[in-house]
Amino acid sequence: MKFFLAKITVFGICLLLIFGILAMIPSTPLRLGYLDGFLQKYEIAMAIKQPKIVVVGGSSVAFGIDSEMMESKLNMPVVNMGLHAQLGLSFPLEQVKEVVKRGDVVLLAPEYLLGKPTKRMLQKISRYYPRANNYYSLTLAEVARSNIEDTHQRVLRKIKESIRNVLTDKEVNIYAEDVFNSHGDMIGHLNEPQTMHPFTKMELEYRYWEGIEKINSFCKIMQDSGVTVYYSFPPYLDAAYNINEKIVAKIYEDLSKGLTIPILDQPKDIVYPRDLFYDTFYHLNQKGKEKRTQALILLLEKQLAADQLL
Amino acid sequence: MFFNSIDFAVFLPIIFVLYWALDKSKLQYQNTVLLIASYLFYGWWDWRFLFLILFSTIVDYTIALRMEQTENQQHRKRWLWLSLGVNLGLLGVFKYYNFFVDNFIAAFSFFGSPISIQSLHIILPVGISFYTFQTLSYTIDVYRKDLKPTNNFIDFAAFVSFFPQLVAGPIERATNLLPQFYTKHKFNESQATEGLRQILWGLFKKMVIADNCAVLANFTFDNPEMYGGSTLLLGAIFFSFQIYGDFSGYSDIAIGVAKLFGFKLMQNFAFPYFSRDIAEFWRRWHISLSTWFRDYLYIPLGGSRGGTASKVRNTFIIFLVSGFWHGANWTYVVWGGLNAIYFLPLLLLKRNRKYTNDIAANRYLPSLREGFGILTTFILTTLAWVFFRAKSLEAAFDYLGGIFSTSLLSIPTLSGRNTDMVVLMLLLVFFLVVEWIGRHKQFAISKLNLNPIGRYFLYLFIATLIFVFQGEQQDFIYFQF
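Keep in mind that this is a model prediction, so the values were computed, not measured.

1. Thoughts on the environment of Val271 of chain A
Relative to the helices and strands, Val271 of chain A resides in strand 6 (residues 271–272). Given the relative accessible area of 22%, Val271 of chain A is considered partly exposed.

2. Things to note about the sheet that holds strand 4 (residues 228–231) of chain A
The strands making up a sheet are joined through hydrogen bonds of the backbone, oriented either antiparallel or parallel. Residue and element names in this part refer to chain A. Taken together, the four strands give an open sheet; going across it, the order is 2-1-3-4, and neighbouring strands pair in parallel fashion. Looking at which strands have only one partner, the edges of the open sheet turn out to be strand 2 (78–80) and strand 4. On average, adjacent strands in this sheet sit at an angle of 20 degrees to one another, irrespective of strand direction. Looking at chain direction, strand 1 (residues 53–56) and strand 2 are connected through three bridges and run parallel. In the sheet register, Val55 faces strand 2, and the bridge partner there is Asn80.

3. Observations regarding helix 15 (residues 393–403) of chain B
All names here are of chain B. Three or more residues of helix 15 are buried, namely Ala396, Tyr399, Leu400, Gly402 and Ile403. Viewed along the axis of helix 15, the buried residues span an arc of 155 degrees, placing them on a single side of the element. Turned more than 90 degrees away from the buried face of helix 15, the exposed residues are Glu394, Phe397 and Asp398. Check the buried side of helix 15 and you find it contacts helix 8 (189–222), helix 9 (229–260) and helix 14 (368–389).

4. Notes on the interface of chain B and chain A
Every contact between the two is made by 33 residues of chain B and, on the other side, 34 residues of chain A. Remark: the boundary between chain B and chain A carries three residue pairs in polar contact (both at pLDDT 80 or more). Mapped onto the side of chain B that touches chain A, the elements with two or more residues apiece are helix 1 (6–21), helix 8, helix 16 (418–437) and helix 17 (452–469) of chain B. Per-element accounting of the side of chain B that touches chain A gives the leading share, eight residues, to helix 17 of chain B. Across the side of chain B that touches chain A, the residue classes tally to 20 nonpolar, eight polar and five charged.

5. Quick look at the domain arrangement of chain B
All names here are of chain B. Parsing chain B into structural domains produces domain 1 (6–187) and domain 2 (193–276 + 355–480). On a C-alpha basis, the centres of domain 1 and domain 2 stand 29 Å from each other. Counting residues at the interface gives 28 residues for domain 1 and 17 residues for domain 2. Summed over both partners, the interface of domain 1 with domain 2 buries about 1,900 Å², with 72% contributed by carbon and sulfur atoms. When the buried surface of domain 1 facing domain 2 is broken down by residue, Pro164, Ala168 and Pro170 rank first, second and third, together holding 25% of it. Along the contact surface separating domain 1 from domain 2 lie zero salt bridges. Along the contact surface separating domain 1 from domain 2 lie five residue pairs in polar contact (both at pLDDT 80 or more). Contributing elements (two or more residues each) for the side of domain 1 that touches domain 2: helix 1, helix 2 (27–43) and helix 7 (174–177). Ranked by the residues each element gives to the side of domain 1 that touches domain 2, the list is headed by helix 1, at six residues. Of the residues belonging to the side of domain 1 that touches domain 2, the class tally is 21 nonpolar, six polar and one charged.

6. Remarks on the pairing of strand 1 of chain A
Residues and elements named next belong to chain A. The side-chain alternation of strand 1 yields two buried faces, one formed by Ile53 and Val55 and the other by Val54 and Val56. Pairing analysis gives four bridges linking strand 1 to strand 3 (residues 105–108), with the strands arranged parallel. By the bridge assignment for strand 3, Val54 is matched with Val106.

Analysis parameters
Residues numbered from 1 in each chain as written. Chains lettered and ligands numbered in written order. Predicted model: local features only at pLDDT ≥ 70, side-chain atom pairs only at ≥ 80, totals over all residues. Heavy atoms only, no water. Helix = DSSP H or I, 4+ residues; strand = E, 2+ residues; numbered from the N terminus. Buried < 20%, exposed > 50% of the residue type's maximum accessible area, 1.4 Å probe, protein only. Pairing = 2+ DSSP bridges. Axes fitted to C-alpha atoms, helices over the stretch in contact; angles between N-to-C directions. Arc of directions from axis to C-beta. Contact = heavy atoms within 4.5 Å. Polar contact = N/O pair within 3.5 Å; in protein donor to acceptor, adjacent residues only side chain to side chain. Nonpolar A, V, L, I, M, F, W, Y, C, P; charged D, E, K, R; others polar. Domains from an automatic or database assignment. Buried area = accessible area lost by both parts, 1.4 Å probe. Salt bridge = Lys/Arg side-chain N within 4 Å of Asp/Glu carboxyl O.

Next comes the structure, spelled out in structure tokens:
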């Protein structure tokens, strides 16, 4: 038994040495990835002095809003804070609290049933955006785990890059470059041909969304600070909508009953065909983004006028 | 608790140390440790399921003892029917109730008399099909007097719930596994080392092969209309490797873990994708289930004796039941039926036992004939897997229609994922080479003909591959059965 345990220990030490060597592979330089957008968007929002519109959500907001068009029609500066659904809802809401001032308008347009952020994503984002450490804390085990995952990802990325260099069919990675414009809109994909990656499962599983309470308590803080908040549904591929129509209807019902803020539209209003999407069922292409923004401008015009904010 | 989880990585060493720390005390203590560990392992998913397994254990323990106490054949038969009724009844309620209800409603609606029957909102207990069949083998063997029932409840409960193979097999026969709980195990270093090797290879199959194949297979199966025929075929091939890596990987880990505790479980997979015809495939795929059906269903039905009609009937019964065992969906039934159609010509032409010898024995490569057989068998099974993977029969036919289209001869492409595809193909080549080299053994990296240092480096290399190329963690497919 002792010899057996000694063998396992030696094997484990050898493995740790290998992992230690792998961990020394340098990581991607800062300010180059898609997630770097968080810092960029924060800086854009902080630089605007007059009342502004802040659009909040996951990547469907990053891909789906033409802030310039909205700004010129509504005569208010617009900043697009949408980035990544894996950051969940609490994270962007916390960030928004830091960038809004009295007189601002926040438009919330999160993806359906946006859940909790993944630990790995939070750990990653704090490297790009140190302020994120104010929003959450990770246990030592979680940090260790995400560091191991990070090493794994880095090594894998290096290997894939080498293979990609050998392949004649170069792949465009729109998530790897500096891809946001001066409003925070995602523009990296606009000149790329449509691809369709079902990265996420299309089927939704119904649950009462805990985000409703989070949004309501967020809105209370915002109202106390003189900030107006509206809610809009995300753009959705028709195929995904057809699969989830009943669940989306239930979610809409829950939101209509539960939210204390105006809801500008209905889910069915923003269901678009495939030719308006870029890669996933939430990511609009140029045409889709224009259509979505135009519709949103009309709704905002009406609501802002009703609230005497225009 | 998943085998490829941190929880299990903590759980296993603790149980291992506890178990062997008691090797000088009574056997009963060691079995009690295994029983508690097994219940902890199973309750990790949902503690409520423990009542079900406990109930099943008590019922079969009692019935077997009652059977032993009487020589009256009629009484023994009644006890057996009670065991069958309880076990299959539980399986029926938890696994098949909603399926039958839905189909009844559909059938009545079709004939213009819509009826309303309440569906049950219940979760399928993990591994219910596996432990049900295992306990059934016990009562049937006791009924047949192939096995003496045990008086020791701890031994029996530990046998039913033995955690390495509880949730996804191998489905052990009581005649093989139960007696192993009667004898004291002495720590055997070479058996334990072999167990670790098998665990390592099982983890590679699951975390590298199955989990990476799953991502690309999911792309094509979730959105078949987006891809050409060749890409859909590639997606189906990826699924073939996913299900093999997933299930045989689980079996390897289970067998390896059992070896750490001194237990020997049956081989569940014997390199099935190197089979030269479908009959050989079914002797090499999910061996514990195939032999269970053979011994407890096919042979009692008459097996391959009797006339052509009876052979055809028995073959269809065993394949359809096997398909239905996998899940309450017509897709599994069609999958079983398709395999029966593949198998029948071999049976009727008496060629079903043509390949019982080793593949490419004493040769590095298969002969042309063998190679052709291996390729044909693989393609046939891959096409059958489409039914197994698809959500509905309609989806399966659409997928197959997509494969057999004009774009079948185009170059497969998964835009944005071509690099992943190339990486996966390289990993599959490595995997197949190692499996081919080790095809005559219990598992591919067992007792390699390498010097100790070379072997050591190979194991380190495989562990590093697991770390670097592990895919996004997916549930074990067979847990749902």
